[in-house]
Amino acid sequence: MDRATIERLPKFDLHCHLDGSLRPGTVRELWDALPPGERPPISGPVEEAVLPHVPCSLEEFLQAFRITVALLQRAEALERAAYELGADAAAENVVYLEIRFAPLLHLARGLTPNEVVEAVLAGAKRAEKEYPIRTGVILCGMRQEPPERSAAVARLAVRLRDRGVVGFDLAGPERGFPLSIHAEAIRIARDGGVHLTLHAGEGCCPEHIAEALDLGAERIGHGVYLFQDPATERRVRELRIPLEICPTSNLQISGILRTLSDHPLKRYLDLGIPVTVNTDNRLMSRTSSTDELWRVVEAFGLGPDEVRTILLSSVDASFAPEPVRRELAHQIRAAL
Ligand code: ADE
Ligand code: ZN
């Protein structure tokens, strides 16, 4: 398969952070428009300050988000970011996109959590109207924050479930922050009928993946370290828990991959674990859905059957309603 074929295929992005996926040009414009008192201290041009020096730890990587989060404190900026993300994804034939972000990080200029989510939903809906793309929104609690905060996000997700919010997640630094701290938030989301995906085993800690499963995760964000825990790997395989793999990001952050061909995703694929391929942060990792899928195809010499399996796994794993999933699966079968 060549890159042009990958570009043409209908694609899916189930793991994409809004604050990590701004256009570089939008970063510049929003930065210039920011009153100097609202600008976090940086050295050098802002376009460079948002690019982490990779490889690095997850904690170092997350420093870049101080800047993008500061740019997203107004409804217009949030709406624009979501719209542009939908437009950029659609331009490379992403037909279904789940956008995630942490609403409580966007309250510095007086927006309410509800207004933050409404602004993102409005931008995503505008992209859906203009381009052939469907979207869903996942709300994130932050692992390092007090559990009351993640519980508030989970309640918000439940309230906005019929408006386009499809899931709940926990993001942020992993080391030293077990998911169990946020068991109450997770319970609220699940009891309220909101889908659950959890970052786990991204930058460390295979044991976090077992913990995520114990807490009811339907999907695992990353799961790079899964192979280090054979019992949990068997469990993921038996339960057919989809992994949201983000190849470039994993290479930059995981600390255990020298090149993409070291990535355990091929092992997981061969074991029959549902593997999905996603961007994570289009801005910080300077990537796109085509780039991510193409890098994987190149690194492992995947053929059309394996690509089809990955794309169908994405549809199966998606938090979209059943009629949308049927239509998306049909699009893949027509293309491959
Ligand atoms: N927020 C943005 N990118 C993230 C990642 N890769 N892991 C955890 N939190 C994040
Ligand atoms: Zn992530």
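Look above for the structure.
Quick look at the structure, then. (Residues numbered from 1 in each chain as written. Chains lettered and ligands numbered in written order. Predicted model: local features only at pLDDT ≥ 70, side-chain atom pairs only at ≥ 80, totals over all residues. Heavy atoms only, no water.)

### Remarks on the overall build of the chain
Line of reasoning, step 1. Across its full length, the chain carries 16 helices and 8 strands.
Line of reasoning, step 2. For the chain, whose C-alpha radius of gyration is 18 Å, the value lies close to the compact-globule estimate of 20 Å for 336 residues.
Line of reasoning, step 3. For the chain, the C-alpha atoms occupy an extent of roughly 50 × 40 × 40 Å along the three principal directions.
Line of reasoning, step 4. Residues counted as buried form 60% of the 336 residues belonging to the chain.
Line of reasoning, step 5. Taking all contacts inside the chain whose residues are at least 6 apart in sequence as the whole, residues at least 24 apart take part in 74%. (Helix = DSSP H or I, 4+ residues; strand = E, 2+ residues; numbered from the N terminus. Rg over C-alpha atoms; globule rule 2.2 N^0.38 Å. Buried < 20%, exposed > 50% of the residue type's maximum accessible area, 1.4 Å probe, protein only. Contact = heavy atoms within 4.5 Å.)

### Points about the site of ligand 1
Line of reasoning, step 1. Around ligand 1, a shell composed of H17, L58, L62, F65, A171, G172, H199, E202, H222, D280 and N281 is seen.
Line of reasoning, step 2. For ligand 1, a nitrogen atom lies 2.6 Å from a polar atom in the side chain of E202.
Line of reasoning, step 3. D280 is positioned with one of its side-chain polar atoms (N or O) 2.8 Å from a nitrogen atom of ligand 1.
Line of reasoning, step 4. For ligand 1, the accessible surface in isolation is 260 Å², of which the surrounding protein chains cover 97%.
Line of reasoning, step 5. Residues belonging to the shell around ligand 1 are distributed by class as follows: 4 nonpolar, 5 polar and 2 charged. (Near = heavy atom within 4 Å. Polar contact = N/O pair within 3.5 Å; in protein donor to acceptor, adjacent residues only side chain to side chain. Areas by Shrake-Rupley, 256 points an atom, 1.4 Å probe, with all protein chains shown as cover. Nonpolar A, V, L, I, M, F, W, Y, C, P; charged D, E, K, R; others polar.)

### Observations regarding the packing of aromatic side chains
Line of reasoning, step 1. All told, the structure shown has 2 aromatic pairs when counted by the stated rule.
Line of reasoning, step 2. Summarising the aromatic geometry, the rings of Y83 and Y131 are spaced 6.4 Å apart at their centres and angled 40° between planes, so their arrangement reads as tilted. With Y83 in helix 6 (residues 75-91) and Y131 in the loop between helix 7 (113-130) and strand 3 (134-142), this pair connects stretches of sequence that are 48 residues apart.
Line of reasoning, step 3. Taking relative accessible area as the criterion, Y83 reaches 13% and is therefore assigned buried.
Line of reasoning, step 4. By relative accessible area, Y131 is classed as partly exposed at 31%.
Line of reasoning, step 5. In this arrangement the basic side chain of R126 is found over the ring face of Y83, its NZ or CZ atom lying 3.7 Å from the centre.
Line of reasoning, step 6. Sitting above the plane of the F319 ring, R219 keeps its charged end 3.8 Å from the centroid. (Phe/Tyr/Trp six-rings, centres within 6.5 Å; stacked < 30°, edge-to-face > 60°. Lys NZ or Arg CZ within 6 Å of the ring centre and 35° of its normal.)

### Some remarks on the coordination of the zinc ion (ligand 2)
Line of reasoning, step 1. Every protein donor of the zinc ion (ligand 2) is listed here as H15 (NE2), H17 (NE2), H199 (NE2) and D280 (OD), and their distances to the metal cover 2.0 to 2.5 Å.
Line of reasoning, step 2. Here the zinc ion (ligand 2) is ringed by 4 donor atoms whose angles at the metal span 83 to 169°, and the overall shape comes out irregular.
Line of reasoning, step 3. Written as a sequence motif, the donor arrangement for the zinc ion (ligand 2) is H-x1-H-x181-H-x80-D. (Donors = N, O, S within 2.8 Å, 3.2 Å for Na, K, Ca; no water. Tetrahedral: all angles 85-135°; square planar, octahedral: opposite > 155°, others 65-115°.)

### Description of the side chain of K11
Line of reasoning, step 1. Along the chain, the position of K11 falls in strand 1 (residues 11-17).
Line of reasoning, step 2. E92 provides the closest opposite charge to the buried, unpaired K11, separated from it by 5.1 Å.
Line of reasoning, step 3. K11 has contacts with I6, E92, N93, V94, V95, Y96, S289, T290, L293 and L311, leaving out every residue within four places of it along the chain. (Lys, Arg positive; Asp, Glu negative; His and termini not counted. Salt bridge = Lys/Arg side-chain N within 4 Å of Asp/Glu carboxyl O.)

### Quick notes on the packing of helix 8 (residues 147-159) against helix 9 (residues 183-191)
Line of reasoning, step 1. Here helix 8 crosses helix 9 at 5°, and the two axes come no closer than 8 Å. Classed by the angle they form, the pair helix 8 and helix 9 counts as roughly parallel. Contacts from S150, A151, A154, R155 and V158 of helix 8 reach helix 9 at E184, A185, I188 and A189.
Line of reasoning, step 2. Here the residues of the contact of helix 8 with helix 9 sort into 6 nonpolar, 1 polar and 2 charged. (Axes fitted to C-alpha atoms, helices over the stretch in contact; angles between N-to-C directions. Parallel < 35°, antiparallel > 145°, perpendicular 65-115°, else oblique.)

### Focus on the pairing of strand 3
Line of reasoning, step 1. With 8 of 9 residues buried, strand 3 lies mostly within the body of the structure.
Line of reasoning, step 2. In this region the chain leaves strand 2 (residues 94-101), passes through helix 7 and returns to the parallel neighbour strand 3; the handedness of that crossover is right-handed.
Line of reasoning, step 3. Sheet topology note: the strand 3/strand 4 (residues 165-171) ladder contains 6 bridges and is parallel. Following the sheet pairing, I138 is matched in strand 4 by G167.
Line of reasoning, step 4. In this view, the connection linking strand 3 to its parallel neighbour strand 4 by way of helix 8 has right-handed handedness. (Right-handed = clockwise from strand over helix to strand, strands pointing away. Pairing = 2+ DSSP bridges.)

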